[in-house]
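Listed here are the chains, written in short residue letters.
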Amino acid sequence: MALPKRIIKETERLMAEPVPGISAVPHEDNLRYFDVTIDGPSQSPYEQGTFKLELFLPDDYPMTPPKVRFLTKIYHPNIDKLGRICLDVLKSNWSPALQIRTILLSIQALLGAPNPDDPLANDVAKRWKEDQNAAIQTARDWTTQYAKK
Amino acid sequence: MGAKVPRNFRLLEELEKGEKGLGAEACSYGLEDGDDLLMSNWNGTILGPPHSVHENRIYSLRIHCGDQYPDVPPDVIFITKINLPCVDAKNGKVDATKLPCLVQWKRDFTMETILIELRRYMALPQHKKLPQPPEGTQF
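On a predicted model such as this, the values are computed, not experimentally measured, just so you know. (Residues numbered from 1 in each chain as written. Chains lettered and ligands numbered in written order. Predicted model: local features only at pLDDT ≥ 70, side-chain atom pairs only at ≥ 80, totals over all residues. Heavy atoms only, no water.)

Enquirer: I'd love a proper account of the side chain of Asn8(B), names of residues and values included.
Expert: You can see Asn8(B) is positioned in helix α1 (residues 7–20). Look at Asn8(B) and you get buried, because its relative accessible area is 9%. At a separation of 2.9 Å, a polar atom in the side chain of Asn8(B) contacts the side chain of Arg7(B). Once residues lying within four places of it in the same chain are set aside, the contact partners of Asn8(B) are Tyr33(A), Glu54(A), Arg69(A), Leu71(A) and Met39(B). (Helix = DSSP H or I, 4+ residues; strand = E, 2+ residues; numbered from the N terminus. Buried < 20%, exposed > 50% of the residue type's maximum accessible area, 1.4 Å probe, protein only. Polar contact = N/O pair within 3.5 Å; in protein donor to acceptor, adjacent residues only side chain to side chain. Contact = heavy atoms within 4.5 Å.)

This is how it looks when you write it as structure tokens:
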């Protein structure tokens, strides 16, 4: 099946003008399936870590958002144990004007600004609210343990 | 032909369907370890079909989805002892050459497809009266 022009264009641009700290490479045997890495933003507990993700563009993309999941373990109130991400632009606030690039930037921004009031990982969010310093330290420890460059 | 959903996103879809209980009532399944990012090992249960020796019995199974799933079917193993021609009497393993959906595996089949078919297989006229081990014994 031919790949829609929109996907080809996005892929070409991701290759030609990559976003600093983010990479997205399609699988040779499935051009809708990308291996992604995102560097943890500086001055966040994820600094110095490189996180692996996977991204898939479903049949009705861009009418529906891409599916994205972390493959690297991460301690974050909006990311659950299976790497699923709670982010408005991946759900109700998706718009076909958004792109792979903008979504990955939003995920990188989410690492820099955890939102424990809209949690996906309830235990993590609870700890984030009760003892933020300890939670941030755990996030740092996990980054060192699982996401070391 | 549509986009080919990769293994992990397919398993996430199955997980969400299983968690929400959207599937068939008499079968259920879930991740064995909720922390397993690879989502390889699953638990399944089948409620024995009515009007058979299996009525009111609950069967536990273990399902292993390898790297190649869903291009190749998962390994399915009964934990609860059962006497069925497609199940190895020594270890509970389902023989992939004897259950039609495993013989003619298709990429859009799911773990639920297998559980439903096993339940139907248990209820077949030639299987529904087979003598069974005592209830609740394990392989």
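Enquirer: Account for the sheet that holds strand β1 (residues 22–27) of chain A, with residues named and values stated.
Expert: The antiparallel open sheet is built from four strands, whose spatial order is β1-β2-β3-β4 (chain A). Of all the strands in the sheet, just β1 and β4 (67–70) of chain A have a single pairing partner and so form its edges. Strand-to-strand twist across the sheet, computed as the mean angle between neighbouring axes with direction ignored, equals 25 degrees. Bridging between β1(A) and strand β2 (residues 30–39) of chain A involves six bridges; their strand directions are antiparallel. Residue Pro26(A) lies in a different strand from β2(A), and its bridge partner there is Phe34(A). Where α1(B) meets the sheet, it contacts β2, β3 (50–56) and β4 of chain A, and its direction lies at approximately 95 degrees from that of β4(A). (Pairing = 2+ DSSP bridges. Axes fitted to C-alpha atoms, helices over the stretch in contact; angles between N-to-C directions.)

Enquirer: How would you summarise helix α3 (residues 122–130) of chain A if you had to cite specific residues and measurements?
Expert: Residues and elements named next belong to chain A. Along α3, the residues that are buried comprise Val124, Ala125 and Trp128. Along the long axis of α3, the arc covered by the buried residues comes to 95 degrees, so they all point the same way. For α3, the exposed residues lying more than 90 degrees away from the buried face are Asn122, Asp123, Lys126 and Glu130. Packing partners of the buried residues in α3 comprise α4 (132–146). (Arc of directions from axis to C-beta.)

Enquirer: Could you give me a rundown of the pairing of strand β4 (residues 75–78) of chain B, with the residues and numbers involved?
Expert: All names here are of chain B. The side-chain alternation of β4 yields one buried face, formed by Val76 and Phe78, and one unburied face, formed by Asp75 and Ile77. Of the pairings in the sheet, the one linking strand β3 (residues 58–64) to β4 comprises four bridges and is antiparallel in character. When the sheet's bridge partners are listed, Ile63 is paired in β4 with Val76.

Enquirer: Explain the UniProt feature "active site" (unreviewed entry) in chain A residue by residue, including any values.
Expert: All names here are of chain A. The sites that UniProt annotates as "active site" (unreviewed entry) are Cys86. Position of Cys86 relative to the elements: it lies in the loop between β4 and α2 (100–112). A residue is classified by how much of its surface remains accessible, and Cys86, at 16% relative accessible area, is buried. In contact with Cys86, not counting residues within four places along its chain, are Asn78, Lys91, Leu110, Asp118 and Leu120. (UniProt positions renumbered as here; feature names shortened; annotations may be inferred.)

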